[in-house]
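Geometric and topological summary
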Amino acid sequence: MNSITACPLDCYDACEIVFDGNELKGLKSGHTQGFLCPHLNHYKKHAVIDKPRYKGKEITLDEALLKLKEILRSSEKERVLHYRGSGNFALMQEVTDHFFASYGATLTEGSLCDGAGETGIIEGRGSNKNMPLHEVAKSDVVIFWGRNPHTTSSHILPLIKDKTVIVIDPVKTKIAKTADMHIQLKPHTDIFLAMMLSRFLHIENSCDTKFLEKYASEYEDYYELTQNIRIKSILDYIDVSLGKIGDVLSLLKDKKVAIVCGVGIQKYSDGVDIMRAIDAFAVMLGLFGKEGCGVSYLGSSRDNITSPFNTNALRVSKVDTEFSDYDSVFIQGANPLSQMPDSLRVKESIKKVKNIVYFGLYENETSEIADLIIPAKSFLYKDDIRTSYSHNVISFMPKVKEGKSGISEYDLSAYLCREFSIGIESEEFYIKHFKNFSIQRIDGSWYVENRDEVPYKEGFDTDDGEFVFLDEIDSEIDEDKEEFYLITCKSQKSLNSQFNREESVYLNDSLGFNEGELVTITSANGSVELKVKHNNDLREDCILIYSGTKGVNNLTSSKHALYTKSAIFQENKVKINR
Ligand SMILES: Nc1nc2c(c(=O)[nH]1)N[C@H]1C(S)=C(S)[C@@H](COP(=O)(O)OP(=O)(O)OC[C@H]3O[C@@H](n4cnc5c(=O)[nH]c(N)nc54)[C@H](O)[C@@H]3O)O[C@H]1N2
Ligand SMILES: Nc1nc2c(c(=O)[nH]1)N[C@H]1C(S)=C(S)[C@@H](COP(=O)(O)OP(=O)(O)OC[C@H]3O[C@@H](n4cnc5c(=O)[nH]c(N)nc54)[C@H](O)[C@@H]3O)O[C@H]1N2
Ligand SMILES: [Mo]
């Protein structure tokens, strides 16, 4: 018999799945459109951790739970850290927060992902209400700005078949190759491009002044700010011609436009301002509060859903976490030794922790150094429910299979709560709590209740309902021509460090390195040795090392973006040595 569930992965699409007891298939109706990505198509092939281990020795699950209890008892409560990643994006992952927060442990805050962009959006609009996938489907023109849909969100592709497509990306991605226009700008220069577009829109008298007078009346001041930019030198610097600026504006004229942004634009110290400048361009075009128009980024998948858990705790940043401040660290759904920035710092700091507990599905750098390993259950073997950061569908994820190995997040939390006399409701109670935020539409799908499909119809969520423009920028021009920009984006083969991980550095062949040659890539923070693969879709001033490649984060800095606790994976420039 077929059962229906949903993919748990940290991804825009949040697909719905038909499981026939053996194969996973994409649900035909709704946003999944009958197909799944390579990760889900080959899901079974990836060997999961089967047995718990302590100090390298296999133990039973009961022994592992006892050990966990002992570890917690042996540390002071404040010296216990709960570090949770996004390996599984479903809502019941958070039940462990309930135990650790109630227990008095430290939790994390901040973002390795979209945090800088989100802060930029909130500063301008007062909230982060996303343009959902279904609205993008109604637009005439789609601008993919630092987003790689063939790799990271392929379910948008069938919806944009007949639209005008513009791509703004330093890499000639698959979508860039078939787009009506590709702007292959220099990395880390989007703020200048966005401000230049706003400036010329104003010069051409093409701003939506009726909208601006009502909802963004400071636009003349913003136009003045854009005038501080020297046109010729900045266009040369960002590597975009004046003609292209004009061409973009003419493609947008009197059209329904969706600006679909990805995390690629904001992996920098000034990521907050970059997003805000892109949002400002959308405001100048009057794209808010109208059907088929807007900015689609990573919305909050928890928007309009309150947590049933106690999550009130002391928190430290998950970007530059000082692990050595803790006696015991409980790591769930994360591979910090690979995915946090500045891996050499992370290794040094985590080495000093007495007890490292890893609660996950797969072996990786973090399971390798953990003292206690507790296998999780995959999504097929536990009850859950999920939402997405790019659409408003809520999907139920009932257990579709019985499995003997591993333990669910709920069962682990219930055990700990019982042992430490902390209150916890039943699993059904929590799932029902989440289900109560859903409402069924005529198409049969369930949606999160009270989320606007077209947000900001009545103005923005700022104090006076008006958009707040940038009034200064911190962004600098980078004069250095010796070092290369590091692009570290998502790979088709892996989901960050899950599944098939990449092992190469990609370079334009004009740089003179041979395919297969071993090179050392070095930054201010560290270095990594990798084999070269050629890729002439890259600019000559860039190198690409995909997320999940072992050692890539030796190169990255654990500094926060300005104004927010978000990681900046592309801030450091790098050198290549033979
Ligand atoms: N297959 C696959 N899918 C995934 C993931 C995965 O690992 N693998 N990860 C999931 C997660 S956690 C996330 S957050 C999303 C992210 O998905 P996306 O938002 O698509 O993010 P990235 O792939 O990091 O970067 C997108 C694009 O930004 C470009 N870029 C890099 N630097 C710049 C720049 O300075 N300016 C501009 N304009 N563009 C730039 C890159 O070349 C890349 O094509 O994907 C999710 N989906
Ligand atoms: N260089 C570079 N670094 C990056 C990025 C980049 O683009 N470039 N991207 C950043 C971004 S956007 C993100 S979101 C982060 C992601 O970083 P992480 O959240 O650390 O993600 P993963 O590497 O995918 O590791 C997820 C882990 O979750 C575990 N897991 C999977 N399902 C379950 C489950 O049901 N229960 C439990 N308990 N565990 C489970 C798996 O064992 C896996 O090891 O990485 C960031 N780091
Ligand atoms: Mo992410």
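These lines cover the structure that appears in this document, whether it is placed above or below. (Residues numbered from 1 in each chain as written. Chains lettered and ligands numbered in written order. Predicted model: local features only at pLDDT ≥ 70, side-chain atom pairs only at ≥ 80, totals over all residues. Heavy atoms only, no water.)

1. Comments concerning the sheet that holds strand 11 (residues 257-261)
We apply this condition: Pairing between strands is defined by DSSP: at least two bridges between them are needed. Only runs of H or I of at least four residues qualify as helices and only runs of E of at least two qualify as strands under DSSP, and these elements are numbered from the N terminus. Axes here refer to lines fitted to C-alpha atoms; in helices the fit is confined to the stretch in contact. Angles between the N-to-C directions go from 0 to 180 degrees. Any two residues whose heavy atoms approach within 4.5 Å are treated as being in contact.
Sheet architecture is open: 5 strands sit in the order 10-9-8-11-12, paired in parallel fashion. Every other strand in the sheet has two partners, leaving strand 10 (181-183) and strand 12 (294-296) as the edge strands with one partner each. Neighbouring strand axes in the sheet, compared pairwise and without regard to direction, differ in orientation by 20° on average. In the sheet, strand 9 (residues 164-168) pairs with strand 10 via 3 bridges, with the strands oriented parallel. Bridge pairing links Ile 166 to Met 181 in strand 10. Where helix 8 (residues 190-203) meets the sheet, its contacts fall on strand 8 (141-145), strand 9 and strand 10, and the angle it forms with strand 8 comes to roughly 150°.

2. Digging into the side chain of Ser 445
Using the following cut-off: For each residue, the accessible area found with a 1.4 Å probe, counting protein chains only, is set against the maximum for its type, and the residue is called buried under 20%, exposed over 50%, and partly exposed in between.
Tracing the chain through its elements places Ser 445 in the loop between strand 19 (438-440) and strand 20 (446-448). On the basis of relative accessibility, which here comes to 14%, the residue Ser 445 falls in the buried class. When sequence neighbours within four positions are dropped, the list of residues in contact with Ser 445 reads Ile 439 and Gln 440.

3. Here's the deal with the sheet that holds strand 3 (residues 24-26)
Taken in spatial order, the 3 strands make up an open sheet running 1-2-3, and their pairing is antiparallel. Lying at the two open borders of the sheet, with one neighbouring strand each, are strand 1 (3-6) and strand 3. Averaged over all pairs of adjacent strands, the angle between strand axes in this sheet comes to 40°, irrespective of strand direction. Where strand 1 and strand 2 (residues 16-19) come together, 4 bridges link them in antiparallel fashion. Pairing of Thr 5 across the sheet is with Ile 17, part of strand 2.

4. Overview of a negative patch on the surface
Condition: The residues that make up patches have over 30% relative accessible area and no salt bridge, and they are joined within 9 Å when like-charged or within 5 Å when they are Val, Leu, Ile, Met, Phe, Trp or Tyr. Methods summary: accessible areas were calculated by the Shrake-Rupley approach with a probe of 1.4 Å, and residue burial reflects only the protein chains presented. Any Lys or Arg side-chain nitrogen located within 4 Å of an Asp or Glu carboxyl oxygen qualifies as a salt bridge. None of His or the chain ends enter the tally, which takes Lys and Arg as positive and Asp and Glu as negative. Throughout, a charge is located at the NZ atom of Lys, the CZ atom of Arg, the CG atom of Asp or the CD atom of Glu.
A surface patch of like charges, here negative, comprises Glu 213, Glu 218, Glu 220, Asp 221, Glu 224, Asp 463, Asp 464, Asp 471, Glu 472, Asp 474 and Glu 476. If you tally residues by element for the negative patch, the top one is helix 10 (residues 219-227), at 3 residues. Residue placement: Glu 213 occurs in helix 9 (residues 209-215). Residue Glu 213 is classed as partly exposed on the basis of its relative accessible area, which comes to 49%.

5. Topic: the pattern of salt bridges
All chains considered together, the criterion is met by 31 salt bridges. We note a salt bridge from Arg 302 to Glu 94, for which the minimum N-O separation is 2.4 Å. In this pair, Arg 302 sits in the loop between strand 12 and strand 13 (314-317) while Glu 94 sits in the loop between strand 6 (80-84) and helix 3 (95-103), placing the two residues 208 residues apart along the sequence. On the basis of relative accessibility, which here comes to 28%, the residue Arg 302 falls in the partly exposed class. Taken together, the shared-partner salt bridges connect Lys 186, Asp 239, Arg 539 and Asp 541 into one network.

6. So, the side chain of Asp 279
Going by this rule: Each polar contact in these results corresponds to two N or O atoms within 3.5 Å; when the atoms are within protein, one needs to be able to donate a hydrogen and the other to accept it, and residues that are neighboring in sequence are counted only if both atoms are side-chain atoms.
With respect to the helices and strands, Asp 279 occurs in helix 13 (residues 271-284). Under the relative-accessibility criterion, Asp 279 is labelled buried at 0%. At a separation of 2.7 Å, a polar atom in the side chain of Asp 279 contacts the side chain of Arg 125. Setting aside its immediate chain neighbours within four residues, Asp 279 contacts Ile 121, Arg 125, Phe 288, Val 295 and Phe 467.

7. Digging into the site of ligand 1
Applied cut-off: The rule for a residue being near a molecule or strand is that one of its heavy atoms must lie within 4 Å of it. Note on residue categories: nonpolar means Ala, Val, Leu, Ile, Met, Phe, Trp, Tyr, Cys or Pro, charged means Asp, Glu, Lys or Arg, and polar means any other residue, Gly included.
Contacts to ligand 1 come from 33 residues, most closely from Tyr 12, Asp 169, Tyr 268, Ser 494 and Asn 496. Asn 148 is positioned with one of its backbone polar atoms (N or O) 3.1 Å from an oxygen atom of ligand 1. Here a nitrogen atom of ligand 1 sits 2.7 Å away from a polar atom, N or O, in the main chain of Ser 494. Computed on the free molecule, ligand 1 has an accessible area of 920 Å², of which 99% lies beneath the protein chains in the complex. Mapped by element, the contributors of at least two residues to the shell around ligand 1 are helix 6 (149-152) and strand 22 (494-495). Here the residues of the shell around ligand 1 are counted per class, giving 14 nonpolar, 13 polar and 6 charged.

8. Here we look at the site of ligand 2
The environment of ligand 2 is formed by 34 residues, the closest being Gln 339, Lys 382, Glu 409, Lys 490 and Ser 497. For ligand 2, an oxygen atom lies 3.2 Å from a polar atom in the side chain of Lys 267. A distance of 3.3 Å separates an oxygen atom of ligand 2 from a polar backbone atom of Leu 495. The protein chains hide 97% of the 920 Å² of surface that ligand 2 would expose on its own. The dominant element in the shell around ligand 2, judged by the number of residues it contributes, is strand 15 (residues 355-360), at 3 residues. For the shell around ligand 2, the per-class residue count stands at 11 nonpolar, 17 polar and 6 charged.

9. With respect to the packing of aromatic side chains
Rules: The rule is short: rings of Phe, Tyr and Trp, with Trp giving its six-membered ring, pair when the centres are within 6.5 Å, and they are stacked under 30 degrees, edge-to-face over 60, tilted in between. Any Lys NZ or Arg CZ found within 6 Å of a ring centre and within 35 degrees of that ring's normal is scored as a charge over the ring.
Under the definition given, this model contains 27 aromatic pairs. An angle of 45° between the planes, with centres 5.7 Å apart, marks the rings of Tyr 83 and Phe 323 as tilted. Of this pair, Tyr 83 sits in strand 6 while Phe 323 sits in the loop between strand 13 and strand 14 (328-332), and the two are 240 residues apart along the sequence. Residue classification places Tyr 83 among the buried residues on the basis of a relative accessible area of 1%. Classification of Phe 323 as buried rests on a relative accessible area of 0%. With a centroid separation of 5.0 Å and an interplanar angle of 70°, the aromatic rings of Tyr 103 and Phe 420 are classed as edge-to-face. Taken as a pair, Tyr 103 in helix 3 and Phe 420 in the loop between helix 17 (409-419) and helix 18 (427-435) lie far apart in primary sequence, 317 residues in all. Using a relative accessible area of 6% as the deciding quantity, one classes Tyr 103 as buried. Residue classification places Phe 420 among the buried residues on the basis of a relative accessible area of 16%. In this arrangement the basic side chain of Lys 77 is found over the ring face of Tyr 103, its NZ or CZ atom lying 5.2 Å from the centre. In this arrangement the basic side chain of Lys 318 is found over the ring face of Tyr 83, its NZ or CZ atom lying 5.8 Å from the centre.

10. A few points about the nonpolar core
Applicable threshold: What is meant by a nonpolar core is a set of buried Ala, Val, Leu, Ile, Met, Phe, Trp, Tyr and Cys residues, joined one to another through side-chain atoms within 4.5 Å.
Of all hydrophobic cores here, the largest spans 73 residues; its most connected members are Trp 145, Leu 193 and Ile 259. Filtering out sequence-adjacent residues up to four positions away, Leu 193 remains in contact with Trp 145, Ile 168, Ile 183, Leu 185, Ile 238, Val 240 and Ile 245. One finds Ile 17, Ile 71, Val 400 and Ile 422 within the second-largest nonpolar core, a separate group that totals 45 residues.

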